[in-house]
Amino acid sequence: MRVQLFSSSEIELREVACARGGREVFRSVHVRLCPGGALVVRGSNGCGKTSLLRLFAGMLKPVRGEIRLDATACYLGHENALSRQSSARANLEFWTKFLDASRESLEEGIECFHLRSLLSAPVSSLSLGQCRRLALARLCLTPANLWLLDEPASGLDAQALESLGALMASHRESGGMVVAASHVPLPLKDAATLQLDESGYHCRQDELEPLI
Amino acid sequence: MKAFVALLSRDLGGSQLGAGGLGVLFFLAVVVLLPLGIGPRGDVLAQIAPGILWIAALLAALLGLESMFREDFETGALEVMAMSALPLEAVVLAKCLAHWLACLLPLAILSVPCGLLLHLSVGESLGVAIAMLLGTPAFSLFGSIGAALTLDARRGGLLALLLVLPLSMPPLIFGSLASGGEGSVSSLLLGTGLSLGALAVAPFLSSAVLWTRLRA
Amino acid sequence: MTPLINHYAHPTHFMRVSGIALPWLAVASIVALAVALYVSLFVAPEDYLQGQTVRIMFLHVPSAWLALGGYVAIAIASVTGWIWKRPLADVAARAIAPTGACFTLIVLLTGSLWGKPMWGTWWVWDARLTSVAILLLLYLGYIALWNAIEEPTLAARAAGALAIIGVVNVPIIHFSVSWWNTLHQPASVLRLDGPTIHPTLLMPLLLMFAALSLLMVTITLARMRLEILRRRTRMLRLRSAQA
């Protein structure tokens, strides 16, 4: 399905600490991610999962430590970036044009998340999970090789979760990387886990081998 | 460029369209109510018409500011845009252009018939329209700064109005002076200069302000 | 020099030093204000042209200097806070604003009171007067923006940007209004800068300026201490909520 192969890129967080609202949420985080790798970030509410993703995305600066990032990132946050007044189709077509993606990749996204029957509905009439599927379809539109997914499975049914798993697998096969924060188990094979502790200070990443 | 056009056409068709329609209604209401409040004397109306048209245009433009960034900020779309290949400055510019096309261009065109209703001559009405075409972009551009500053503020719309009012005073002064009479050509040039200056400065300022919000 | 500034820019040191200085400053500004008021009300002679109304000027002119100076100080503090990431500079910028706004209001009110007997009108749309009115608007917008945004660092960035824009804007407004004025009506009687000020009138003016400056510094320091304490309680609340 996906043909492009990303040049060997690598991501590394070294001794990174992050503060929010004058409070340190975590410190000494070590992460290394190679092409084809995946990382699941776990931890209780407010332990800094979203902050970590935003550090990856370059939307936050660490208070200590260094981040090496030779990859282009696509960040999928809590919000779905959908305009409520317009239809699902209008939203998808806007993002296709805005992200300068081809129509084929849009079709791919529609097929992948079974969105065809939803296209004409206004976004305001869609359920939480349906909106999430629309947002996830944006992953097919971006050329980025690092996907940063914040609770990607929230509201998804079993079928959609399977689709997401297949999409992430094909992304990794072509050398892409996935970092996901999630409370529910994600269909990510051989993913490393980063546990952000409740106290927020102690972190570890399981041993990680590149897939390719 | 494709992204710029996509954003422009979406904003024009979506959020700004409603604000623009509301602005046109507001503008027409002012023009109709003015003679009822002032009295029907032609010479009095003609004397204050350019100023009134400009004030109505300014207030109508401020109506549309709230919808410039707020929805995209709340839905997370602004974040996606900020991380896309299109620079945030260009996103701001597209949004200003959409605001101007939806909220101010119709008023510049409408000012010709409305000027005639207020006893301006055809030439004077055209003068008001030309001055508005050249001078009102400053409202949209300075307005974007106010809209960016009050992105997640309580009662942001009203606050944006208070912040933008001092900024929009020079364009208003030059604009209404440019609409006819003595010194109108140099006022027109100064008003256009303000629009160009705003074009050079405002997208950078607004996107700098937006970045501080997005990176927080 | 820089280590010294770093030392005193730290909120803890600032709280200690300002706590010692504040009572002295308060007493000094009250004494200075009493002296300045006595000199300008009883010692200074009345003007041969303006009569007793000249005494309004002793309050009006220093207030105008401080109103303008306060806004410039806010802009400088904002730039400092932005570039060198000094929270104390943001605290100072916020603390100056209400005092500056008060002085702007005093300028407008005393100007009106002086204008009625001298010019025969409460208000004219002269460049200087309009600019001061806009300055009041800028102050109010600045204060409102601070109050509208919950998170202090965000509020500091937004308000700082506004202050810098405002400082650039005031001269533009001044120019545009004087341009507008020359087209509408030639400014004739509305020139304040006539003959040079006589030393007997300059003395109370400078005294009052010194007294009001002292007052402004005192109030600003007190408000800065208040703001720091407010931030500390906010931080404690956040911490206890997350612990």
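## Quick look at the overall build of chain A
If you tally the helices and strands in chain A, you get five helices and nine strands. Tracing chain A from N to C terminus, the helices and strands come up as β-β-β-α-β-β-α-α-α-β-α-β-β-β. In chain A, which comprises 212 residues, the proportion classed as buried is 54%. Total accessible area on chain A stands at roughly 9300 Å², and carbon and sulfur atoms take up 50% of it.

## What to know about a nonpolar patch on the surface
Residues and elements named next belong to chain C. On the surface, Val72, Ile76, Val79, Ile83, Trp84, Ile164, Val167, Val168 and Ile172 cluster together into a nonpolar patch covering about 760 Å² of accessible area. Mapped onto the elements of the fold, valine 167 is located in helix H6 (residues 152-184). The partly exposed category is assigned to valine 167, whose relative accessible area is 32%.

## Brief notes about the packing of aromatic side chains
Summed over all chains, the structure comprises 10 aromatic pairs over all chains. Ring geometry for tryptophan 95 of chain A versus phenylalanine 98 of chain A: centroids 5.7 Å apart, planes at 85°, classification edge-to-face. Within this pair, tryptophan 95 of chain A and its partner phenylalanine 98 of chain A are both found in helix H2 (residues 88-98), separated by three residues, close to a single helical turn. Take tryptophan 95 of chain A: its relative accessible area is 2%, and that puts it in the buried class. When its relative accessible area of 3% is taken as the criterion, phenylalanine 98 of chain A is described as buried. Measuring from ring centre to ring centre gives 6.3 Å for phenylalanine 174 of chain B and phenylalanine 175 of chain C, while their planes differ by 50°; the resulting arrangement is tilted.

## Here we look at helix H10 (residues 184-214) of chain B
Here H10 of chain B spans 43 Å end to end across 31 residues, near enough to the 45 Å set by a 1.5 Å rise per residue. Largest kink in H10 of chain B: about 35°, centred on valine 201 of chain B, with the proline proline 203 of chain B one to four residues after it.

## Regarding the confidence of the model for chain A
The predicted structure's coordinates, where accompanied by low pLDDT, should not be read in detail. Residue and element names in this part refer to chain A. Across chain A, the average pLDDT comes to 82, with 87% of residues at 70 or higher. Per-element confidence in chain A ranges from a low mean pLDDT of 47 for strand S9 (residues 203-205) to a high of 92 for H2. Across residues 200-212, confidence stays below pLDDT 50; counting only partners more than four residues off in sequence or on other chains, it has 41 contacts.

## Here we look at the interface of chain B and chain C
For interface size, the figure often reported is the accessible area lost on association. Counting from both sides, the interface comprises 27 residues of chain B and, opposite them, 28 residues of chain C. Of the roughly 2300 Å² buried between chain B and chain C, counting both surfaces, carbon and sulfur atoms make up 80%. Of all residues in chain B, the largest losses of buried area upon contact with chain C belong to Leu149, Arg154 and Pro166 of chain B, amounting jointly to 21% of the total for that side. Linking chain B with chain C are zero salt bridges, by the criterion used here. Taken together, the connections running from chain B to chain C amount to one residue pair in polar contact (both at pLDDT 80 or more). At the level of elements, helix H8 (137-149), helix H9 (156-178) and H10 of chain B are the ones that each hand at least two residues to the side of chain B that touches chain C. Per-element tally for the side of chain B that touches chain C: the top contributor is H9 of chain B, with 11 residues.

## A closer look at the pattern of salt bridges
The final tally for this structure, using the stated rule, is 20 salt bridges over all chains. When the shortest N-O distance is used, the salt bridge between aspartate 11 of chain B and arginine 10 of chain B registers 3.2 Å. The pair aspartate 11 of chain B / arginine 10 of chain B is uniform in exposure class, with both members buried. Each of Glu12, Arg14, Glu66 and Arg68 of chain A takes part in one network of salt bridges that share partners.

## Section: the packing of helix H6 (residues 88-117) of chain B against H8 of chain B
Helix-helix packing is characterised by the crossing angle of the two axes and by the distance between the axes. Residue and element names in this part refer to chain B. Packing of H6 against H8 brings their axes to within 9 Å, and their N-to-C directions diverge by 135°. Judged by the angle between their axes, H6 and H8 are oblique. Here the hand of the crossing between H6 and H8 comes out right-handed. Contact residues: H6 offers Val92, Leu93, Cys96, His99, Trp100 and Leu104, while H8 offers Pro137, Phe139, Ser140, Leu141 and Ser144.

## Notes on the packing of helix H2 (residues 15-38) of chain B against helix H3 (residues 42-63) of chain B
Residue and element names in this part refer to chain B. Relative to each other, H2 and H3 sit at 150°, their axes nearing to 9 Å. Judged on the interaxial angle alone, H3 and H2 are roughly antiparallel. Judged by the twist between their axes, the crossing of H2 over H3 is right-handed. Contact with H2, carried on its side by Gly23, Phe26, Phe27, Val30, Val31, Leu34, Pro35 and Ile38, involves Val44, Leu45, Ile48, Ile52, Leu53, Ala56, Ala57, Leu59, Ala60 and Leu63 of H3 and no other residues of that element. Of the residues assigned to the contact of H2 with H3, the class counts are 17 nonpolar, one polar and no charged.

## Focus on the state of the cysteines
Disulfide: a covalent bond formed between the sulfur atoms of two cysteine residues. Residue and element names in this part refer to chain B. In total, this model carries zero disulfides over all chains according to the counting rule given. There is no disulfide at cysteine 96, and the cysteine sulfur nearest it, in cysteine 103, is 11 Å away. For cysteine 96, a relative accessible area of 4% translates into the label buried.

## With respect to the sheet that holds strand S1 (residues 11-20) of chain A
Sheets are built from strands paired through backbone hydrogen bonds, the pairs being either parallel or antiparallel. Residue and element names in this part refer to chain A. The strand order across the open sheet built from three strands is S2-S1-S4, with neighbouring strands paired in antiparallel fashion. Every other strand in the sheet has two partners, leaving strand S2 (23-33) and strand S4 (64-69) as the edge strands with one partner each. Sheet twist, expressed as the average angle between the axes of neighbouring strands with direction ignored, equals 25°. With five bridges connecting them, S1 and S4 associate as antiparallel partners. Residue pairing for S4: glutamate 12 is matched across the bridge by arginine 68.

Thresholds applied
Residues numbered from 1 in each chain as written. Chains lettered and ligands numbered in written order. Predicted model: local features only at pLDDT ≥ 70, side-chain atom pairs only at ≥ 80, totals over all residues. Heavy atoms only, no water. Helix = DSSP H or I, 4+ residues; strand = E, 2+ residues; numbered from the N terminus. Buried < 20%, exposed > 50% of the residue type's maximum accessible area, 1.4 Å probe, protein only. Areas by Shrake-Rupley, 256 points an atom, 1.4 Å probe, with all protein chains shown as cover. Patch = residues over 30% accessible without salt bridge, like charges linked within 9 Å, V, L, I, M, F, W, Y side chains within 5 Å. Salt bridge = Lys/Arg side-chain N within 4 Å of Asp/Glu carboxyl O. Phe/Tyr/Trp six-rings, centres within 6.5 Å; stacked < 30°, edge-to-face > 60°. Expected span 1.5 Å × (residues − 1). Bend = angle between axes of the 7 residues up to and from the residue. pLDDT = per-residue confidence, 0-100. Contact = heavy atoms within 4.5 Å. Buried area = accessible area lost by both parts, 1.4 Å probe. Polar contact = N/O pair within 3.5 Å; in protein donor to acceptor, adjacent residues only side chain to side chain. Axes fitted to C-alpha atoms, helices over the stretch in contact; angles between N-to-C directions. Parallel < 35°, antiparallel > 145°, perpendicular 65-115°, else oblique. Left-handed = near helix turned anticlockwise from the far one by under 90°. Nonpolar A, V, L, I, M, F, W, Y, C, P; charged D, E, K, R; others polar. Disulfide = S-S within 2.5 Å. Pairing = 2+ DSSP bridges.

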